[in-house]
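Here's the letter readout for the chains.
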Amino acid sequence: MKDKTPLLIALLFLGVQLFGVSCALLDVARAGLTPRAGGQMREFRLTASAMTYEFVRGQPTTAWAYNNQVPGPELRVREGDLVRVIFTNNLPEPTTIHWHGVNVPTSIDGVPDISQPPVPPGGTFTYEFIATPAGTRWYHAHFAEHTQLQLGLYAPLIIEPRDVGTRYDRDNTITFGEWSPDALHPDHNQPNDGMGSMMDGNMMSTPDDPNVKFTVNGKASPAAPPLLVRQGERVRLRFINASAMQKHVIRLEGHTMKITHVDGNPLSPPREVEAIEIGAGERYDVEVTANNPGVWALHCVRPGHTERGLKTIVRYEGAADDSRESADIRNTRGFRVWPDTILTQRQAAGETTRPDKQFQLTLSGGMMMGGMMGGDGANTWTINGKAYPNTDPLIVKQGDRVRVRLFNMSMEDHPMHLHGHSFAVLQYDGRPITPMVRDTLTVRHMEIYDVEFVADNPGTWFFHCHNAEHMEGGLITLVKYR
Ligand code: C2O
Ligand code: CU
């Protein structure tokens, strides 16, 4: 007598598979999305849940993570693929996923209630979009963003171009994160630690809470995983700043870095620098030639940031274990630092276009303004004098070429991010610059940038500061069209 159980199981399994496939086809038809010519259907499952994790070695704590990893799993797809992400929320609070830098349909853009309802605890949501444009993108929580980012809900999304271009011996993604020991029980209304820390050296930035630790691929130094290289290799590093607030100035000791892409988009011509200032939400792809054997620090040169964790090691195969990083190396004087070096260079002006609509966004607010206005304005940030939801939306028409002047009158940086589109950066302080295409642009104290985008993805879109505290304090406007 033969046991039929294996056969039954096999049939059952087959049935489930067929059922799954037919559901998949139905869903695609419903959303009206098909992969572009040559593209494939790529399906992923992501679950957000709490876990115990050591951002800092020896300090187990609660993290919120996609698929129990910090950063979450790197999704790699090709331009034109149809990406489906079946998402389950096992967190104790609602969440959403935003696909940062991807031209997704507005209905799955992850902005709570503007584009989609938040996914409740225990809920699921299917995200579906065409992978475009190619480049280093990322995804992250867009609900209670300050907390959820700090707890670990961020990850790389790499969209490979259709034609591969330069071949690298290695392609490493390096995601910078922020972790706060009070992330789970935030009191973001606490006054920050004063003006002193805003002015480190010549860089005005966001007040920096010394309790916040910095991570490289989910771990604070010295626990951050080292990068291994071999002499002579051509290495691509993709930097993603997934910090809730802070910018970093990244330096690889002993090497220069050739910036090939900003926010995932090709930079032409590429620029060779010694250090890169990277604001929250921004990305840089760099090419490094492994021509200086040894063990080198890859770290942030802003005061205190290396000590607070923002460092990893680049180790050449066969090199002895003696990391070279000394105080004087941290001095960036005489270095070419992005973007300052670039902004002061002679620039080739891009072709002049005639915008259909023009807007100016004057960014202001913060502690100083609060003080002057006599209130506790510490957490109010404004665009043209108004805080979201009272800001005036940018009303445009499909097909418009939209020019926006960003002027930062406040004391702190504002990494401004536009959802659903990329924009060309055309002018700095009123002078034309060699254009670059971005989706996030750090505008520092008293800087003026002119950017332009084509309204080719109808919907209601967030245009906001990627510093979570500023965003929560009102530094958001909407771009709207049908
Ligand atoms: Cu990366 Cu509105 O966000
Ligand atoms: Cu800001």
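Above: the structure in question.
Here the structure is a predicted model, which means the values were calculated and not measured. (Residues numbered from 1 in each chain as written. Chains lettered and ligands numbered in written order. Predicted model: local features only at pLDDT ≥ 70, side-chain atom pairs only at ≥ 80, totals over all residues. Heavy atoms only, no water.)

**Student:** What is the right way to read the overall build of the protein chain from this model?
**Tutor:** What the protein chain contains, in helices and strands, is five helices and 33 strands. Split into buried and exposed, the 482 residues of the protein chain put 53% on the buried side. Contacts in the protein chain between residues at least 24 apart in sequence constitute 76% of all its contacts with a sequence separation of at least 6. Carbon and sulfur atoms make up 54% of the accessible area of the protein chain, which totals about 20500 Å². (Helix = DSSP H or I, 4+ residues; strand = E, 2+ residues; numbered from the N terminus. Buried < 20%, exposed > 50% of the residue type's maximum accessible area, 1.4 Å probe, protein only. Contact = heavy atoms within 4.5 Å. Areas by Shrake-Rupley, 256 points an atom, 1.4 Å probe, with all protein chains shown as cover.)

**Student:** Even after reading the chapter, I still don't get the sheet that holds strand β31 (residues 448–454), so can you show me in this structure?
**Tutor:** By way of backbone hydrogen bonds, the strands of a sheet pair with one another, either parallel or antiparallel. Taken in spatial order, the six strands make up an open sheet running β24-β23-β26-β31-β28-β29, and their pairing is mixed. Whereas interior strands pair on both sides, the edge strands pair on one side only; in this sheet they are β24 (381–383) and β29 (431–438). Neighbour-to-neighbour, the strand axes of the sheet open up by a mean angle of 25°, direction not taken into account. (Pairing = 2+ DSSP bridges. Axes fitted to C-alpha atoms, helices over the stretch in contact; angles between N-to-C directions.)

**Student:** What am I meant to see in empty space enclosed by the protein here?
**Tutor:** Space left empty within the atom packing is revealed by a probe, the size of a water molecule, rolled over the atoms. Under the counting rule described, the total for this entry stands at six cavities of 30 Å³ or more. When its volume is computed, the largest cavity comes out at roughly 90 Å³. If you trace the largest cavity, you find it lined by E277, E282, Y284, W338, P339, M436, R438, L441, T442, R444 and Y449. When contributions to the lining of the largest cavity are tallied by element, the ones reaching two or more residues are β29 and β30 (440–443). The residue makeup of the lining of the largest cavity, split by class, is six nonpolar, one polar and four charged. (1 Å grid on protein atoms, 1.4 Å probe; cavity = no way out; pocket = protein on both sides within 12 Å on 5 of 7 lines; lining within 4 Å. Points joined across faces, edges and corners; volume = space filled by probe spheres on them. Nonpolar A, V, L, I, M, F, W, Y, C, P; charged D, E, K, R; others polar.)

**Student:** How should the coordination of the copper ion (ligand 2) be read in this particular structure?
**Tutor:** Six octahedral donors around a metal ideally sit at 90 or 180 degrees from one another, while four tetrahedral donors ideally sit at 109.5 degrees. Those donors, H414 (ND1), C465 (SG) and H470 (ND1), are the protein atoms that reach the copper ion (ligand 2), and they lie 2.0 Å from it. Going along the chain, you hit the donors of the copper ion (ligand 2) in the pattern H-x50-C-x4-H. On the criterion of sequence distance, the pair formed by H414 in strand β27 (residues 414–418) and H470 in helix α5 (residues 468–472) is long-range, its members being 56 residues apart. In this structure H414 comes out as buried when scored by relative accessible area, which is 0%. (Donors = N, O, S within 2.8 Å, 3.2 Å for Na, K, Ca; no water.)

**Student:** Explanation requested: unusual backbone geometry in the structure shown.
**Tutor:** What you tend to see is this: most non-glycine residues have negative phi, and most peptide bonds are trans. A cis amide bond links V70 to the next residue, P71, at an omega of -15°. Mapped onto the fold, P71 is located in the loop between β2 (61–66) and β3 (75–78). Even without glycine at this site, A144 takes up a positive phi of about 40°. Examined against the element boundaries, A144 turns out to sit in the loop between β7 (135–141) and α2 (145–150). Overall, A144 belongs to the partly exposed group, its relative accessible area being 33%. The backbone phi angle of D429 is positive, close to 45°, even though this residue is not glycine. With respect to the helices and strands, the residue D429 is situated in the loop between β28 (423–428) and β29. D429 sits in the partly exposed class, given a relative accessible area of 36%.

**Student:** Even after reading the chapter, I still don't get the side chain of D109, so can you show me in this structure?
**Tutor:** Tracing the chain through its elements places D109 in the loop between β5 (97–100) and β6 (124–130). Buried and unpaired, D109 has no salt bridge, with R283 as the nearest side chain of opposite charge at 12 Å. If near-sequence neighbours (up to four positions away) are discounted, D109 is found in contact with I97, H98, W99, V104, S115, Q116, H419 and W461. (Lys, Arg positive; Asp, Glu negative; His and termini not counted. Salt bridge = Lys/Arg side-chain N within 4 Å of Asp/Glu carboxyl O.)

**Student:** What should I look at first to understand the pairing of strand β16 (residues 257–262) in this one?
**Tutor:** With respect to burial, β16 is a largely interior element, five of its six residues being buried. Across five bridges, β16 lies against strand β17 (residues 265–273) in antiparallel orientation. Bridged to M257 within β17 is V273. Where β16 folds back onto β17 in an antiparallel hairpin, the turn is made up of two residues, including D263, whose phi is positive at roughly 50°. With four bridges connecting them, β16 and strand β19 (residues 283–289) associate as antiparallel partners. Bridge pairing in β19 links I259 to V286.

**Student:** What exactly am I supposed to notice about the side chain of R84 here?
**Tutor:** Tracing the chain through its elements places R84 in strand β4 (residues 82–89). One polar contact links R84 to E43, side chain to side chain, over a distance of 3.0 Å. A polar contact is formed between the side chain of R84 and the side chain of E128, at a distance of 2.7 Å. (Polar contact = N/O pair within 3.5 Å; in protein donor to acceptor, adjacent residues only side chain to side chain.)

**Student:** Which parts of the structure should I look at to understand the nonpolar core?
**Tutor:** Ranked by internal contacts, the top residues of the largest apolar core, which has 61 residues, are F239 and W338. Apart from residues lying up to four places away in sequence, F239 is in contact with I174, F176, I250, M257, I276, I278, E282, R283, Y284, V286 and L298. Core analysis: the second largest hydrophobic core is formed by 30 residues, F44, L91, L153 and A183 among them. (Core = buried A, V, L, I, M, F, W, Y, C linked by side-chain atoms within 4.5 Å.)

**Student:** When you look at the pairing of strand β18 (residues 275–278) in this model, what are you seeing that I'm missing?
**Tutor:** Regular strands place side chains that alternate from one sheet face to the opposite one. Of the two faces of β18, the one holding A275 and E277 and the one holding I276 and I278 are both buried throughout. Note: strand β15 (residues 248–252) against β18, three bridges, orientation antiparallel. Of the residues in β18, the one forming a bridge with I250 is I276. In terms of strand pairing, β18 meets strand β22 (residues 337–338) through two bridges, oriented parallel. Residue pairing in the sheet places I276 in a bridge with W338 of β22.

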